[in-house]
Amino acid sequence: MTDDRLETRTIAGTDIQVSPIGFGTVKLGRDQGVKYPSGFKIPDDREARELLKLAQSLGVNLLDTAPAYGNSEERLGALLKGQRDNWVICSKVGEEFENGESHFDFTPEHIRFSIERSLKRLNTDRIEMVLVHSNGDDVNIIQQYGCLEVLEALKKEGKILASGMSTKTVEGGIMALERSDMAMVTYNLKEQAEKPVLDYALENRKGILIKKALASGHACLEGEDPVKKSMELVFSHPATSAAVIGTINSGHLKCNAEMCARVIRHLNNQAS
């Protein structure tokens, strides 16, 4: 094992071991309505296999997907055949993407349907983590639909191992943590308004996944390495379990993972 290979860490309050970098797979299944600074071509199966192979060689074991990511789940189901146990999968419920547009359904019936569909698409008997894919109305979704309670019931059935919500507000993030295992929040050099959610998670032994850690490719600093600075910010907060990064550029994936390993090693040395 080299110094720049990622080592897994336990998501607080669970038994799930994840790499600090997660491989976001929206670009494996969808190229419409995505907010990236430049266009991209969806990788073919050979290219996708090479990306997954590279990720694994770097120590990445966390894959982030969702029904709203086009055919990402179906592709992963085929690509991971014979190696499912090497990966930790995080998927979502609530958001659908059809005919170039998103729509949302947080009803208990749809959540159950969505989970069964994801299990089939992913060709698996369980999904390690499932998050409610919020439209931004976090609190109302939690209170009105009881979606976190539905996910808790699915945990008891063994179909998922941990549950939570991908939130967009501080109040929603904290409420999600009160009622589930984890939250996925935005935290980067440009947006740090959701830091109170990380603070709450740390105090209450809840899991935190970071989305948009590199500001969806927009991170930019004059005269400094934006990836290094982004990693330092994200992982200096002890509540962070992992940051999901959606690059399909093999060079960027390698650099991101190696920088993450270095930053975490440095932070650990400082703490000891």
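Higher on the page you've got the structure.
Now for a look at the structure at hand.

Definitions and limits used
Residues numbered from 1 in each chain as written. Predicted model: local features only at pLDDT ≥ 70, side-chain atom pairs only at ≥ 80, totals over all residues. Heavy atoms only, no water. Pairing = 2+ DSSP bridges. Helix = DSSP H or I, 4+ residues; strand = E, 2+ residues; numbered from the N terminus. Salt bridge = Lys/Arg side-chain N within 4 Å of Asp/Glu carboxyl O. Buried < 20%, exposed > 50% of the residue type's maximum accessible area, 1.4 Å probe, protein only.

Quick look at the pairing of strand β7 (residues 101-104) now. As paired strands, strand β6 (residues 95-98) and β7 are joined by 4 bridges and run antiparallel to one another. Within β7, the position partnered with F97 by the bridge is S102. The turn joining β6 and β7, which pair antiparallel and follow one another in sequence, is formed by 2 residues; a positive phi near 55° is taken by N99.

So, on to the pattern of salt bridges. Where charged atoms of side chains with opposite charge meet at close range, the side chains can pair. Within this structure, the stated rule accounts for 22 salt bridges. K155 is paired through a salt bridge with E152; the nearest N and O atoms lie 3.5 Å apart. Pair noted here: K155 and E152 are both in helix α6 (residues 147-156), with a separation of 3 residues, about one helical turn. Given the relative accessible area of 27%, E152 is considered partly exposed. Of the charged contacts in the structure, one is a salt bridge between K159 and E157, with a shortest N-O distance of 3.7 Å. Under the relative-accessibility criterion, K159 is labelled partly exposed at 21%. Residue classification places E157 among the partly exposed positions, given a relative accessible area of 40%.

Purely geometric stuff here, so don't read any function into it on its own.
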